[in-house]
Amino acid sequence: MLKIKDLYAGREGKDILQGINLEVKAGEVHAIMGPNGSGKSTLASVVAGKEEYEVSRGYITFENQDISELDPEERAHKGIFLSFQYPVEIPGVSVTNFIKTAINETRKAHKMDDMPATDMLKMIKEKADMLEIDRKFLSRSLNEGFSGGEKKRNEIFQMAMLEPKLAILDETDSGLDIDALKVVANGVNKLRSADNAVVVITHYQRLLDYIVPDFVHVLMNGKIVKSGGKELAYELEEKGYDWIKEELV
């Protein structure tokens, strides 16, 4: 589904990613861990196509198509979803109107008509119930005045509605208490299927107690320096990153 080969990318002429190689297949969950400043959020931004980042070498393919030159919205229409570490507030645009617009823009890109209003409302109700979201929440302005947990739950609601093929969760657990973390993780787990894939970027092993990964990758200095199963996350929690740095010397 996603293949990254020898990827060098960064901003303002400086490469932050320095030779990333990664393959993600349908049905898989990959966790990317690493110390601050290692390039985790940069990798998420580059895959999603954020315009301030430039690829200087290598390529990214999604379902066997090179997407390196595609705009963020084109990647979104193909089924790539990025959950933000710090979701943006958009006053005056309700959660419901935002998601309706996003879904219909994607349908338009696939030369489909807008989703009928009755189908949209039914889907909104089903997904809101699944994620334990109060219906009143959906009429509020997007992220305005939301708590950290509400913002993250709203991101997972958007993911549930858009049904992406590849979801990248960039530090979705940051700032969440354990109850909010469980709700977010439960939503992600309910959305997992054999046809989609999830990449979880996190500092902490605790999220991986709830979203169990098939693979864990350690990112350091812009490279994936170690990969393993979920046991690697426990090892990192216990021992930190210094032992990996020593292995690399």
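On a predicted model such as this, the values are computed, not experimentally measured, just so you know.

## Description of the layout of surface pockets
- In this structure, the largest pocket spans a volume of roughly 1000 Å³.
- As for the largest pocket, its lining consists of 36 residues, of which Ala76, Ile80, Phe81, Ala102 and Leu162 are closest to the centre.
- For the lining of the largest pocket, the per-class residue count stands at 20 nonpolar, 7 polar and 9 charged.
- By volume, the second largest pocket amounts to about 200 Å³.
- Considered class by class, the residues forming the lining of the second largest pocket number 5 nonpolar, 3 polar and 6 charged.

## With respect to the pattern of salt bridges
- Tallied over the full model, the rule gives 12 salt bridges.
- The partner of lysine 108 in a salt bridge is glutamate 105, with the nearest N and O atoms 3.2 Å apart. Taken together, the residues lysine 108 and glutamate 105, both in helix α3 (residues 95-109) and 3 residues apart, mark about one turn of the helix.
- Assessed through its relative accessible area of 52%, lysine 108 is described here as exposed.
- With a shortest N-O distance of 2.9 Å, arginine 135 and aspartate 129 are connected by a salt bridge.
- Take arginine 135: its relative accessible area is 42%, and that puts it in the partly exposed class.

## Regarding the side chain of serine 38
- With respect to the element layout, serine 38 can be found in the loop between β3 (29-33) and α1 (40-48).
- Side-chain polar atoms of serine 38 contact the backbone oxygen of proline 35, separated by 2.8 Å.

## Let's talk about the UniProt feature "domain: ABC transporter" (unreviewed entry) in the protein
- The feature "domain: ABC transporter" (unreviewed entry), as annotated in UniProt, sits at residues 2-246 in this numbering.
- The annotated region residues 2-246 carries 36% helix and 29% strand content, and the separation between its end C-alpha atoms amounts to 30 Å.

## Quick look at the nonpolar core
- Counting residues in each nonpolar core, the largest one holds 47 residues, and the members touching the most others are Leu138, Ile156, Phe157, Met161, Val200 and Leu236.
- The element best represented in this core is helix α6 (residues 178-191), accounting for 6 residues.
- Excluding residues that lie within four positions of it along the chain, phenylalanine 157 makes contacts with Val95, Ile99, Ile124, Lys127, Ala128, Leu131, Ile133 and Leu138.
- Leu17, Val47, Ile60 and Ala197 belong to the second largest nonpolar core, which has 27 residues in total.

## Quick word on empty space enclosed by the protein
- Counted under the stated rule, the structure contains 2 cavities of 30 Å³ or more.
- Volume-wise, the largest cavity comes out at about 60 Å³.
- Leu2, Ile4, Leu22, Ile32, Leu43, Ala44, Val47, Ile168, Val199 and Ile201 are the residues that line the largest cavity.
- Elements represented by at least two residues in the lining of the largest cavity include exactly β1 (2-11), α1 and β10 (197-201).
- At 3 residues, α1 tops the list of elements feeding residues into the lining of the largest cavity.
- Among the residues making up the lining of the largest cavity, the classes are represented as 10 nonpolar, no polar and no charged.
- Its boundaries defined by the atoms lining it, the second largest cavity holds a volume of some 30 Å³.

## Overview of the sheet that holds strand β6 (residues 80-83)
- Across the sheet, 6 strands lie side by side as β6-β9-β10-β3-β11-β12; this open sheet has mixed pairing. Looking at which strands have only one partner, the edges of the open sheet turn out to be β6 and β12 (223-228). The sheet shows a mean angle of 20° between the axes of neighbouring strands, direction not considered.
- Examined bridge by bridge, β6 and strand β9 (residues 166-170) share 4 bridges and lie parallel to one another. When the sheet's bridge partners are listed, isoleucine 80 is paired in β9 with leucine 166.
- Sheet strands in contact with helix α5 (residues 148-162) are β6 and β9, and its direction is about 170° off that of β6.

Criteria and thresholds
Residues numbered from 1 in each chain as written. Predicted model: local features only at pLDDT ≥ 70, side-chain atom pairs only at ≥ 80, totals over all residues. Heavy atoms only, no water. 1 Å grid on protein atoms, 1.4 Å probe; cavity = no way out; pocket = protein on both sides within 12 Å on 5 of 7 lines; lining within 4 Å. Points joined across faces, edges and corners; volume = space filled by probe spheres on them. Nonpolar A, V, L, I, M, F, W, Y, C, P; charged D, E, K, R; others polar. Salt bridge = Lys/Arg side-chain N within 4 Å of Asp/Glu carboxyl O. Helix = DSSP H or I, 4+ residues; strand = E, 2+ residues; numbered from the N terminus. Buried < 20%, exposed > 50% of the residue type's maximum accessible area, 1.4 Å probe, protein only. Polar contact = N/O pair within 3.5 Å; in protein donor to acceptor, adjacent residues only side chain to side chain. UniProt positions renumbered as here; feature names shortened; annotations may be inferred. Core = buried A, V, L, I, M, F, W, Y, C linked by side-chain atoms within 4.5 Å. Contact = heavy atoms within 4.5 Å. Pairing = 2+ DSSP bridges. Axes fitted to C-alpha atoms, helices over the stretch in contact; angles between N-to-C directions.

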